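What the coordinates show
Here are the chains, one letter per residue:
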Amino acid sequence: MVEAPVPGGEDASKGAAPATERVRAARRLASAPANPALQRLAELAARLLSAQASQVSLLTDVQTISAQAGQDPDLLGATGPLAESLCTVTAAGAEPLVVADAAADARVAALPPVTSGAVGAYLGVPLVGQDGHVVGALCVFDPAPRQWATSDVAVLVDLAEAAIAELELSALSLQYETDRLRWQLAIAAGGVGSFAWDLRADVLTWDERVLELFGYGAGDFDGTMGAFEDRVHPDDLARVQRLLAEAVRTGATFEAEYRLVLPDGDTRWVKARGEALVDADGRPSHLLGAVYDTTAERREDARVSRVLEAMSSAFCSLDRDWRFSYVNAEAERVLQRPREQLLGGNVWELFPDAVGSQFEEQYRRAMTTGEQVNFEAYYPVPLDRWYEVRAWRDPDGLSVYFLDVTARKAAQQQAETERAAAQEALRAAEQARLEARRAQAAAERTAERLQLLARVSADLSATLDAEEAVARLAQHLVPALADWCLVTLVDDGGALRDIGAWHAQEEMRPLVQRYREVRLGSISSPTSFLHRALRTNRPVLVPSGATGAIAALLSGEARDLLVQLAPETGQVLPLRARGRTVGLVTLLRGAASGDFSDQDLLTASEVADRAGLALDNARLYGQQQRIAEGLQHSLLTAPVQPDHLQIVVRYRPAARAAQVGGDWYDAFMQRDGATVLVIGDVMGHDIDAAAAMGQVRSLLRGIAYFSGGAPAAVLSGLDAAMEGLTVGMTATAVVARLEQGLDERERGVTRLRWSNAGHPAPMLLTPDGTVTALTGLRHDLLLGIDPHLPRIDEEVALDRGSTVLLYTDGLVERRGQDYDEGLLRLREAITELAGEDLDGLCDGVLERLLPERAEDDVALVAVRLHPQDRPRPAGAGPHRVPPHVPDEPDEPAAPAAPAT
């Protein structure tokens with residue numbers, strides 16, 4: 001049974017196929033012709049089991065074969081409702097259905113045959129086809145209840161197998177006849193003939209259509225391959241024979257299109273296709289196939305080819321596998337390939353540069369959508385031509401047409417060039433006029449600026465009292481740059497004092513003078529524009545609405561005077577010199593004067609710079625001269641610059657010149673060419689400390705150079721010399737020496753050997769950006785305490801590209817700041833600046849860590865190891881080493897042992 005619906009409408013089949021497939025199978029079996037064998041099976045079942053009736057049922061498009069103890073044979077082909085049939089219940093299960101008492105069995109008690117009293121006992125077996133699908137049921141029943149024996153079930157199962165075999169045989173016969181009829185109709189409609197070649201007997205069999213195609217009558221063809229070959233065109237015969245032999249030898253498909261020469265001399269094109277059949281031994285035994293006439297297609301293709309070949313434009317065709325199927329002569333020239341190479345070749349393999357280009361994009365679009373695509377493409381030398389490419393899909397693939405548009409393209413390009421040249425000429429003329437006007441205005445502004453600077457310079461240099469000259473700045477800056485102006489002096493302690501004021505209008509000058517006298521005393525906020533410029537050492541803009549903004553910071557009379565002066569905008573410029581602010585200039589404008597231009601601010605800054613320098617020169621002339629000369633001679637000597645080492649030094653004195661201390665740095669080479677770096681700090685902050693530092697520094701240089709010793713030995717020698725020469729002071733220092741053997745040079749590694757006498761640990765920046773403090777195993781005792789204690793050397797291997805930074809404690813120590821916090825800030829600053837050059841690194845560290853007014857001196861010495869297999873980088877500056885000292889030693893000398 002196939003799809004046996006049980007009462008309630010649900011599919012109760014176990015393991016049954018999907019509904020559509022089961023229905024299809026049942027309909028196929030049900031459509032088989034009436035089979036007397038099935039009727040005899042039904043009669044036999046009834047007799048063998050002494051049952052009242054037997055049925056063979058197909059329960060979709062139901063056909064029932066029934067016999068009742070040999071009676072009612074006309075029931076063959078009867079139908080009935082599936083829902084009312086006990087056979088439906090049988091087919092729903094996978095096993096025989098055995099019912100001894102139908103009225104008492106819940107599976108079938110409600111069915112009409114049982115309720116009517118016609119069925120009292122029932123035995124049914126499902127009919128299972130070879131594909132495992134249930135397609136029907138074989139059933140017997142009795143009007144009265146009865147017990148079915150195991151042998152009864154076995155008999156019915158055997159008969160069911162015979163029934164299903166008969167059903168499937170009938171269905172296959174019907175299917176075969178149907179398929180054969182369809183095939184014959186298709187061949188006749190298509191004009192196709194068939195052939196069979198018996199390879200063992202070498203006998204060729206043709207149907208009537210093939211005989212007609214080859215020009216043979218029914219009695220003229222002798223069934224030999226010779227008769228076949230007599231009709232094949234001589235130019236095609238060898239190719240056809242080769243293809244046939246290959247198909248027979250390998251079992252491959254035979255496919256060929258060739259010409260026939262008929263008895264009347266006419267030529268006909270045919271296409272043949274065949275498949276080889278193999279025997280049980282796996283050897284080809286027959287070649288079966290079909291042949292049809294393609295003469296009309298060939299003649300049409302020939303006519304089209306003649307037209308296409310006569311075209312002056314290029315044309316080609318691609319099949320759906322992107323192989324060239326046709327190329328005319330002009331297309332050969334455009335594609336720059338002979339057609340023998342193009343035909344049958346894949347376009348993307350022949351032209352790999354077209355993959356991913358507009359050719360592939362547009363061709364695939366045309367093939368996919370069926371839309372015609374148009375685009376322009378340039379074909380380089382030797383063609384040097386532009387083509388408009390048109391592509392469209394046809395039934396066989398893609399047709400491509402190339403239209404030469406070189407002349408049109410050249411005309412377009414020429415017109416575009418001329419149009420662009422004309423526009424450029426207009427722009428150039430307009431730009432020239434604009435530049436001339438700008439140049440004239442700039443020249444006038446420059447002349448005014450130079451005149452102002454000249455007047456200021458002359459005034460500042462005309463008197464030895466720089467303060468008086470700076471006070472007159474206001475008269476120079478008004479009205480050239482502002483409506484009114486104030487000049488403020490910053491003394492050594494940071495206190496402010498207004499020393500000059502001026503207004504463009506004479507009647508307003510008394511107000512400005514009085515405002516100068518009371519302004520500083522009435523500023524109530526340290527965030528005023530004036531204090532902000534002093535704190536940041538940068539110009540501060542007073543934005544529009546300056547009267548309200550400034551008045552909010554003032555009190556009393558000063559506020560009232562400011563309201564009367566009514567400034568709209570302003571600018572506060574620091575007077576800077578040598579890294580510090582020595583004064584301030586406040587420029588103010590009313591509402592009618594507008595904002596400051598960049599040129600105004602530039603001029604004001606230049607004036608401020610000159611004034612600041614004049615003030616600083618006057619204030620520091622006596623005091624700084626002696627200190628600066630001493631420090632220049634003892635500290636700020638230029639470091640050596642070996643070929644592949646870059647050394648940068650920095651020194652920042654304390655904010656107050658009188659607080660110069662004993663910080664120093666050094667970088668020199670020993671006699672063997674080893675580079676030595678030194679950082680140190682003599683205790684104290686006065687001139688005596690600076691002088692003592694000069695002695696210590698000189699002693700260390702002499703000891704290190706003459707002895708050629710390792711850092712610990714140099715420090716031990718220096719400690720002993722300080723005691724012997726009664727240099728009564730203490731100091732911290734780090735001495736480091738760069739060493740490299742031949743093996744290390746080949747590996748691009750340099751050893752840093754150092755000894756630390758109570759000084760802050762150097763910082764190492766590796767090429768990957770890691771920052772490490774070189775703390776070593778221990779810090780030795782300060783210099784000047786006990787020269788007899790031994791000192792140790794530490795060492796670390798450095799990769800090329802590494803940077804070592806030595807510094808004094810003024811960089812990391814602050815009042816109110818923990819020392820470890822200072823080291824953390826230094827490490828973070830080096831990490832942030834890891835990508836900078838060495839100068840940028842040192843300057844950036846100072847900028848980030850030093851306060852505006854440093855309380856202690858700071859010295860830095862840094863070395864960066866550049867690669868030795870390349871020339872010295874230009875950014876590292878000139879190469880500089882002392883005469884008679886090797887640039888880089890071939891092998892370091894054994895370092896001298898430290899003194900004990």
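None of the values given here were measured: they were computed from a predicted structure.

Here the focus is the overall build of the protein chain. A count of helical and extended segments in the protein chain gives 26 helices and 30 strands. Going through the 900 residues of the protein chain one by one, you find that 45% of them count as buried. Long-range contacts, defined as pairs at least 24 residues apart, comprise 61% of the intrachain contacts of the protein chain with a sequence gap of at least 6.

Using the criterion set out here, one finds 44 salt bridges in the structure. The closest approach of N and O atoms between Arg339 and Glu332, which form a salt bridge, is 3.0 Å. Where Glu376 meets Arg408, a salt bridge forms, and the shortest distance between an N and an O atom there is 2.3 Å. Within this pair, whereas Glu376 is found in strand E13 (residues 373–379), its partner Arg408 is found in helix H14 (residues 406–461), the two being separated by 32 residues in sequence. Judged by relative accessible area, which is 37%, Arg408 ranks as partly exposed. Here the residues in one salt-bridge network are Asp672, Arg737, Glu739, Glu744, Arg751, Arg753 and Glu795, joined through shared partners.

Let us now look at helix H18 (residues 529–536). Within H18 the residues assigned to the buried category are Phe529, Leu530, Ala533 and Leu534. Axial view of H18: buried residues confined to an arc of 140°, hence all on one face. A positive backbone phi angle near 60° is found at Asn537, which sits one or two residues after H18.

Take the packing of helix H25 (residues 819–832) against helix H26 (residues 838–849) next. Contact pair H25 / H26: the axes reach a minimum separation of 10 Å and the direction vectors enclose 140°. When the axis of H25 is compared with that of H26, the two are oblique. By crossing handedness, the relation of H25 to H26 is classed as right-handed. The segment H25 lies against H26, with Gly822, Arg825, Leu826, Ala829, Ile830 and Glu832 engaging Leu841, Val845, Arg848 and Leu849. The residue makeup of the contact of H25 with H26, split by class, is six nonpolar, one polar and three charged.

In a regular helix each residue adds 1.5 Å, so twelve residues correspond to 16 Å; H26 covers 17 Å between its end C-alpha atoms and thus fits that length. Within the span of H26, buried status applies to Leu838, Leu841, Cys842, Gly844, Val845, Leu846 and Leu849. Close packing links the buried residues of H26 with strand E21 (645–652), strand E26 (763–765), strand E29 (803–807), H25 and strand E30 (858–865).

This structure, assessed with the given rule, holds 20 aromatic pairs. The interplanar angle of 40° and the centroid separation of 6.4 Å between the aromatic rings of Phe315 and Trp392 together place this pair among those described as tilted. Here Phe315, found in strand E11 (residues 314–319), pairs with Trp392, found in strand E14 (residues 385–394); they are 77 residues apart in sequence, far enough to count as distant. Among the residues examined, Trp392 registers a relative accessible area of 29% and is labelled partly exposed. Note on Phe359 and Tyr379: the rings are 6.3 Å apart at their centroids and 75° apart in plane angle, and the pair reads as edge-to-face. Note that Phe359 is positioned in helix H13 (residues 358–369) and Tyr379 in strand E13, a separation of 20 residues in sequence. Grouped by ring-pair contacts, the aromatic residues Trp322, Trp348, Phe359, Tyr363, Phe375, Tyr379, Tyr387 and Phe402 constitute a single cluster.

One open sheet accounts for five strands, arranged E7-E6-E10-E9-E8; its pairing is antiparallel. For this open sheet the edge positions go to strand E7 (203–206) and strand E8 (254–261), each flanked by a neighbour on one side alone. This sheet shows a mean twist of 25° between the axes of neighbouring strands, independent of strand direction. Across nine bridges, strand E9 (residues 267–278) lies against strand E10 (residues 284–293) in antiparallel orientation. The partner of Gly274 across the bridge, within E10, is Gly289. Against the sheet, helix H8 (residues 234–250) makes contact with strand E6 (192–198), E8, E9 and E10, and its axis sits at roughly 155° relative to E8, the strand it touches most.

Now for the nonpolar core. Ranked by internal contacts, the top residues of the largest apolar core, which has 30 residues, are Phe324, Tyr363, Leu398 and Phe402. Residue assignment for this core shows that the elements contributing at least two residues are E11, strand E12 (324–327), helix H10 (329–335), helix H12 (347–350), H13, E13, E14 and strand E15 (397–404). Excluding residues that lie within four positions of it along the chain, Tyr363 makes contacts with Leu318, Trp322, Trp348, Phe375, Val389, Ala391, Leu398, Val400 and Phe402.

So, on to the environment of Gln414. Tracing the backbone through its elements, the reader meets Gln414 in helix H14. At 2.8 Å, the side chain of Gln414 and the side chain of Glu418 are in polar contact.

Attention now goes to the pairing of E8. A regular strand carries its side chains on alternate faces of the sheet. Across eight bridges, E8 lies against E9 in antiparallel orientation. Bridge pairing in E9 links Glu257 to Lys271. Counted along the chain from E8 to the antiparallel partner E9, the turn is five residues long, and its residue Gly265 has a positive phi close to 90°.

For the rest of this paragraph, the subject is the environment of Ala733. Relative to the elements of secondary structure, Ala733 occurs in strand E24 (residues 731–739). C-alpha separation for the pair Ala733 and Asp663, spaced 70 residues apart in sequence, amounts to 9.7 Å.

A separate point is unusual backbone geometry. Each neighbour pair has its own omega, and for Val381 with Pro382 the value is 10°, a cis peptide bond. Residue position: Pro382 is located in the loop between E13 and E14. Here Val478 and Pro479 are connected by a cis peptide whose omega angle stands at 5°. As for its position among the elements, Pro479 is in the loop between helix H16 (473–477) and strand E16 (484–490). The backbone phi angle of Trp322 is positive, close to 65°, even though this residue is not glycine. Its identity is not glycine, yet Ala566 carries a phi of approximately 50°, on the positive side.

Most of strand E23 (residues 675–682) is tucked away, with eight of its eight residues classed as buried. Neither face of E23 is exposed, since Thr675, Leu677, Ile679 and Asp681 on one face and Val676, Val678, Gly680 and Val682 on the opposite face are all buried. Judged from the eight bridges that link them, strand E22 (residues 662–669) and E23 form a sheet pairing that is antiparallel. Pairing of Phe668 across the sheet is with Val676, part of E23. Between the antiparallel neighbours E22 and E23 lie five residues, among them Gly673 with a positive phi of about 95°. Pairing analysis gives eight bridges linking E23 to E24, with the strands arranged antiparallel.

To characterise two packed helices, one gives the angle between the axes of the helices and the distance between these axes. Taken N-terminus to C-terminus, the directions of helix H17 (residues 509–522) and helix H20 (residues 556–565) make an angle of 140°; their axes are 8 Å apart at the nearest point. Judged by the inter-axis angle, H17 sits oblique to H20. Once H17 is placed against H20, the crossing between them reads as left-handed. In this structure, H17 uses Leu511, Val512, Arg514, Tyr515, Val518, Arg519 and Ser522 to contact H20, whose residues at the interface are Glu557, Ala558, Leu561, Leu562, Gln564 and Leu565. For the contact of H17 with H20, the residue count by class is eight nonpolar, two polar and three charged.

With that out of the way, let us pick up the environment of Leu511. Topologically, Leu511 is positioned in helix H17. In the structure, Leu511 is positioned 53 residues away from Gln564 in sequence and 8.2 Å away in space, judged by C-alpha atoms.

Attention shifts here to the confidence of the model for the protein chain. Across the protein chain, the average pLDDT comes to 82, with 81% of residues at 70 or higher. Long-range and interchain partners of residues 1–23, a stretch whose pLDDT sits below 50, account for 50 contacts in this model, where long-range means more than four residues apart.

One open sheet holds the five strands; their spatial order is E21-E30-E29-E26-E27, and the pairing between them is antiparallel. Each having just a single partner strand, E21 and strand E27 (771–773) make up the two edges of the open sheet. If you compare each strand with its neighbour and ignore which way they point, the axes differ by 15° on average. One ladder, built from three bridges, connects E26 with E29; its direction is antiparallel. Along E29, the bridge assignment pairs Leu764 with Val804. Across the sheet, H25 touches E26, E27 and E29, and the angle it forms with E27 is around 150°.

Reading the values: the criteria
- Residues numbered from 1 in each chain as written.
- Predicted model: local features only at pLDDT ≥ 70, side-chain atom pairs only at ≥ 80, totals over all residues.
- Heavy atoms only, no water.
- Helix = DSSP H or I, 4+ residues; strand = E, 2+ residues; numbered from the N terminus.
- Buried < 20%, exposed > 50% of the residue type's maximum accessible area, 1.4 Å probe, protein only.
- Contact = heavy atoms within 4.5 Å.
- Salt bridge = Lys/Arg side-chain N within 4 Å of Asp/Glu carboxyl O.
- Arc of directions from axis to C-beta.
- Axes fitted to C-alpha atoms, helices over the stretch in contact; angles between N-to-C directions.
- Parallel < 35°, antiparallel > 145°, perpendicular 65-115°, else oblique.
- Left-handed = near helix turned anticlockwise from the far one by under 90°.
- Nonpolar A, V, L, I, M, F, W, Y, C, P; charged D, E, K, R; others polar.
- Expected span 1.5 Å × (residues − 1).
- Phe/Tyr/Trp six-rings, centres within 6.5 Å; stacked < 30°, edge-to-face > 60°.
- Pairing = 2+ DSSP bridges.
- Core = buried A, V, L, I, M, F, W, Y, C linked by side-chain atoms within 4.5 Å.
- Polar contact = N/O pair within 3.5 Å; in protein donor to acceptor, adjacent residues only side chain to side chain.
- pLDDT = per-residue confidence, 0-100.

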